[in-house]
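Overview (structure and organization)
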Amino acid sequence: MRLYAGVLPPPSVTDELGRAVDALRGLPGYESLRWTGRPGWHLTLAFYGEVPEESVPELTQRLARGAHRSEPFTLALTGSGTFGGRSLWAGVSGDTRALRLLADRAEAAGRRAGLSLREHRRFRPHLSLARNRDGAAAGVDLAPYLDGLADFAGAAWTVRELTLARSNLPTGGVPGARPRYETVAALPLGAAG
């Protein structure tokens, strides 16, 4: 199964961001971008890739330990950015130091569970919104989208759990199909965990 560890913003937060994204619909190239599915909006802390089913219990146990050592903290979605003009994302503010520590613990849990983490990238807090379809920076100019989200400042929320989630990739070549995400384990932060 294809797994990742992440933080799921509450529906009130994703609804607020959704309204800001909806306001971008009139911008040039909107329909040409590949937008992420709102039910699956999340902050990825560690991407594990394909994980053998027999490794999931140990990974879950190690993630639970890391979550237990991390106290709840506050975040908000603010502003936007791009990765090389290829993808558009919403930024994160608040206790990003605690978020980074939780990401480090999620990565360490994967390594200690024997996962290779070949697709590891330096952690940069963000919530992915859209990608150029061809994956190249030469696609839709994302500058107007950055301008449109520059002043976005979402409501703060308290992160209380780390989620181990499964990413189910679309099958059958259906145009516009997006991955579906399902929670494998919700691991409480702090002493409650």
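Everything numeric in this text was worked out from a predicted model, so none of it was measured.

Aromatic rings considered in pairs are described by the distance between their centres and by the relative angle of their planes. By the definition in use, this model includes 4 aromatic pairs. Between Tyr-4 and Tyr-181, the ring centres sit 5.7 Å apart and the planes meet at 85 degrees, which makes this aromatic pair edge-to-face. Of this pair, Tyr-4 sits in strand 1 (residues 2–7) while Tyr-181 sits in strand 9 (residues 180–188), and the two are 177 residues apart along the sequence. With a relative accessible area of 4%, Tyr-4 lands in the buried category.

This part covers the pattern of salt bridges. Enumeration according to the criterion identifies 4 salt bridges in this entry. Across the pair Asp-22 and Arg-38 runs a salt bridge whose closest N-O atoms are separated by 2.5 Å. Here Asp-22 is found in helix 1 (residues 11–22), whereas its partner Arg-38 is found in the loop between strand 2 (33–35) and strand 3 (43–50), with 16 residues between them in sequence. By relative accessible area, Asp-22 is classed as partly exposed at 30%. The class of Arg-38 is partly exposed, set by a relative accessible area of 31%. By sharing partners, the salt bridges in this structure join Asp-22, Arg-25 and Arg-38 into a single network.

When the terminal C-alpha atoms of helix 3 (residues 96–112) are compared, their 24 Å separation across 17 residues agrees well with the 24 Å that a helix rising 1.5 Å per residue should span. By the burial criterion, the buried members of helix 3 are Ala-98, Leu-99, Leu-102, Ala-103, Arg-105, Ala-106, Glu-107, Ala-109 and Gly-110. As for helix 3, its buried residues are in contact with strand 1, strand 3, helix 2 (56–68), strand 4 (73–83), strand 5 (87–94) and strand 8 (161–168). Just downstream of helix 3, Gly-114 is the residue with a positive phi angle, here 90 degrees.

What follows concerns the confidence of the model for the protein. A residue-level look at the protein finds 89% of positions with pLDDT of 70 or above and a mean pLDDT of 90. For the protein, per-element mean pLDDT is lowest for strand 9, which scores 91, and highest for strand 7 (residues 157–159), which scores 98.

Attention shifts here to the nonpolar core. By size, the foremost hydrophobic cluster in this structure holds 52 residues, and its most contacted members are Trp-35, Tyr-48, Leu-63 and Leu-129. Here this core gets 6 residues from one element, more than from any other, and that element is helix 3.

The next subject is the sheet that holds strand 5. Backbone-to-backbone hydrogen bonds pair the strands of a sheet. The strands run either parallel or antiparallel. Spatial strand order, 2-6-5-4-7: 5 strands in an open sheet with antiparallel pairing. Two strands bound the open sheet, and with one partner strand each, they are strand 2 and strand 7. The average undirected angle you get between the axes of adjacent strands in this sheet is 40 degrees. Of the strand pairs in this sheet, strand 5 and strand 6 (residues 127–132) are connected by 4 bridges, and their pairing is antiparallel. Pairing of Trp-89 across the sheet is with Ser-128, part of strand 6. Contacts from helix 1 reach strand 2, strand 4, strand 5, strand 6 and strand 7 within the one sheet, and its direction differs from that of strand 6 by about 30 degrees. In the packing of helix 3 onto the sheet, the strands contacted are strand 4 and strand 5, and the crossing angle to strand 4 comes to about 85 degrees.

Space inside the second largest pocket adds up to approximately 260 Å³. Arg-38, Pro-39, Gly-40, Trp-41 and Tyr-181 are the residues nearest the centre of the second largest pocket, which is lined by 20 residues in total. Elements with a contribution of two residues or more to the lining of the second largest pocket: helix 1, strand 8 and strand 9. Among the elements that make up the lining of the second largest pocket, the one with the highest residue count is strand 9 (4 residues). Among the residues forming the lining of the second largest pocket, the class breakdown is 9 nonpolar, 6 polar and 5 charged.

This part is about the sheet that holds strand 9. Reading across from one edge, 3-1-8-9 is the order of the 4 strands in this open sheet, with antiparallel pairing throughout. Each edge of the sheet is formed by a strand with only one pairing partner; in this case those strands are strand 3 and strand 9. Strand-to-strand twist of the sheet, defined as the mean angle between neighbouring strand axes without regard to direction, takes the value 20 degrees. Relative to strand 3, strand 1 runs antiparallel, the two sharing 6 bridges. Across the sheet, Leu-3 pairs through a bridge with Gly-49, a residue of strand 3. Contacting strand 1, strand 3 and strand 8, helix 3 runs over the sheet at an angle of about 10 degrees to strand 3.

The rules we used
- Residues numbered from 1 in each chain as written.
- Predicted model: local features only at pLDDT ≥ 70, side-chain atom pairs only at ≥ 80, totals over all residues.
- Heavy atoms only, no water.
- Phe/Tyr/Trp six-rings, centres within 6.5 Å; stacked < 30°, edge-to-face > 60°.
- Helix = DSSP H or I, 4+ residues; strand = E, 2+ residues; numbered from the N terminus.
- Buried < 20%, exposed > 50% of the residue type's maximum accessible area, 1.4 Å probe, protein only.
- Salt bridge = Lys/Arg side-chain N within 4 Å of Asp/Glu carboxyl O.
- Expected span 1.5 Å × (residues − 1).
- Contact = heavy atoms within 4.5 Å.
- pLDDT = per-residue confidence, 0-100.
- Core = buried A, V, L, I, M, F, W, Y, C linked by side-chain atoms within 4.5 Å.
- Pairing = 2+ DSSP bridges.
- Axes fitted to C-alpha atoms, helices over the stretch in contact; angles between N-to-C directions.
- 1 Å grid on protein atoms, 1.4 Å probe; cavity = no way out; pocket = protein on both sides within 12 Å on 5 of 7 lines; lining within 4 Å.
- Points joined across faces, edges and corners; volume = space filled by probe spheres on them.
- Nonpolar A, V, L, I, M, F, W, Y, C, P; charged D, E, K, R; others polar.

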